[in-house]
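Residues per chain are reported as follows:
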Amino acid sequence: MFNVTLLGGALLDMGCYTVQLATMVFKERPEKVLATGYLQETGVDETVSITLMYSNNRMAQLLTSCSVKLHNEAFILGTEGQIHLPENFWCPSKLITPGKTYEYEIPDANGDYNFLNSGGLVYEANAVRDCIQKGELECSLMTHEDSRTNMYILDEVRRQLGVVYDADNK
């Protein structure tokens, strides 16, 4: 986790999920990225706070850390309501709105997994399979531009924090 040679750090290990959620919600590249955090002696990030500024005065506040246990829930707040993804927001089985709670079954896949709700990856695998079967080179659920936006944000956060990997210099 703290090995700079292995691309360690909280941002790329866990923070990528917060960034991806923001990209899924806003569907655009932020106009501004502001990041602050703490680095380990090894040069990798330990705790990162990110503010993403979007058009029309919208913003995302993201926090990730590998030194303390956070609540790991997400709140999406807007002028017309809110959505709450309870703990383990990156693999939710529940979505809560003021008027209703939606529950989603996580498929029980055979096998041992390292992480909670990993059976939910079947949805991602099915989307890839469907694209391949249709001869599509891009999935509308997670476009190439979404991936580029995620990488832009992650790279900009690393730049602001001063996290540099050996691979950056090649």
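Note: the structure precedes this text.
Scoring rules and cut-offs
- Residues numbered from 1 in each chain as written.
- Predicted model: local features only at pLDDT ≥ 70, side-chain atom pairs only at ≥ 80, totals over all residues.
- Heavy atoms only, no water.
- Pairing = 2+ DSSP bridges.
- Helix = DSSP H or I, 4+ residues; strand = E, 2+ residues; numbered from the N terminus.
- Contact = heavy atoms within 4.5 Å.
- Axes fitted to C-alpha atoms, helices over the stretch in contact; angles between N-to-C directions.
- Expected span 1.5 Å × (residues − 1).
- Buried < 20%, exposed > 50% of the residue type's maximum accessible area, 1.4 Å probe, protein only.
- Core = buried A, V, L, I, M, F, W, Y, C linked by side-chain atoms within 4.5 Å.
- Lys, Arg positive; Asp, Glu negative; His and termini not counted.
- Salt bridge = Lys/Arg side-chain N within 4 Å of Asp/Glu carboxyl O.
- Polar contact = N/O pair within 3.5 Å; in protein donor to acceptor, adjacent residues only side chain to side chain.

Novice: Quick one: what's the story with the pairing of strand 5 (residues 81–85), residue by residue and with numbers?
Specialist: The pairing of strand 4 (residues 74–78) with strand 5 spans five bridges and is classified as antiparallel. Opposite Ile76, over in strand 5, you have Ile83 as the bridge partner.

Novice: Any chance you could break down the environment of Phe75 for me, citing the residues and the numbers?
Specialist: Position of Phe75 among the secondary structure elements: in strand 4. Spatially, the C-alpha atom of Phe75 lies 31 Å from that of Val164, the residues being 89 residues apart in sequence. With near-sequence residues (within four places) excluded, Phe75 lies in contact with Ile83 and His84.

Novice: Quick one: what's the story with the sheet that holds strand 3 (residues 58–65), residue by residue and with numbers?
Specialist: Ordered by their spatial adjacency, three strands build an open sheet running 1-2-3, and the pairing between neighbours is antiparallel. Bordering the open sheet on either side are strand 1 (32–39) and strand 3, each of which pairs with just one other strand. Averaged over all pairs of adjacent strands, the angle between strand axes in this sheet comes to 10 degrees, irrespective of strand direction. Pairing between strand 2 (residues 45–54) and strand 3: eight bridges, direction antiparallel. If you follow Thr47 over to strand 3, its bridge partner there is Ser65. The strands touched by helix 1 (residues 10–26) within the sheet are strand 2 and strand 3, with strand 3 carrying the most contacts at an inclination of about 160 degrees. Helix-sheet contacts for helix 3 (residues 144–161) involve strand 1 and strand 2, and the interaxial angle to strand 1 is about 50 degrees.

Novice: If you had to explain helix 3 to someone new, which residues and values would you point to?
Specialist: Taking 1.5 Å of rise per residue, the 18 residues of helix 3 would be expected to cover 26 Å, and the 26 Å separating its terminal C-alpha atoms lies within 8% of that figure. Residues Asp146, Thr149, Asn150, Ile153, Leu154, Glu156, Val157, Arg158 and Leu161 constitute the buried set of helix 3. Residues of helix 3 that are buried sit in contact with helix 1, strand 1 and strand 2. Of the residues trailing helix 3, Gly162 is marked for its positive phi of about 85 degrees.

Novice: Could you give me a rundown of the nonpolar core, with the residues and numbers involved?
Specialist: Formed by 19 residues in total, the largest nonpolar core has its most connected members in Ile50, Leu52, Tyr54, Ala60 and Val157. Put simply, the parts of the chain that give this core at least two residues each are helix 1, strand 1, strand 2, strand 3 and helix 3. Once residues lying within four places of it in the same chain are set aside, the contact partners of Ala60 are Ala22, Phe26, Ile50, Thr51, Leu52 and Tyr54. Core analysis: the next-biggest nonpolar cluster, separate from the first, contains five residues, Leu21, Ala74, Leu85 and Leu95 among them.

Novice: Describe the side chain of Glu46, with residues and values.
Specialist: Secondary-structure assignment places Glu46 in strand 2. Buried within the structure, Glu46 lacks any salt-bridge partner; Lys69 is the closest side chain of opposite charge, at an N-O distance of 16 Å. One polar contact links Glu46 to Ser67, side chain to side chain, over a distance of 3.0 Å. Setting aside its immediate chain neighbours within four residues, Glu46 contacts Ala10, Tyr38, Leu39, Gln40, Thr64, Ser65, Cys66 and Ser67.

Novice: Quick rundown of unusual backbone geometry? Include the residues and the values.
Specialist: Even without a glycine there, the phi angle at Lys27 is positive, about 55 degrees. The exposure class assigned to Lys27 is partly exposed, which follows from its relative accessible area of 45%. In this structure, Asn56 is a non-glycine residue whose phi angle is positive, near 60 degrees. Tracing the chain through its elements places Asn56 in the loop between strand 2 and strand 3. Among the residues examined, Asn56 registers a relative accessible area of 68% and is labelled exposed.

Fair warning: the whole summary comes from geometry, so function is off the table for now.
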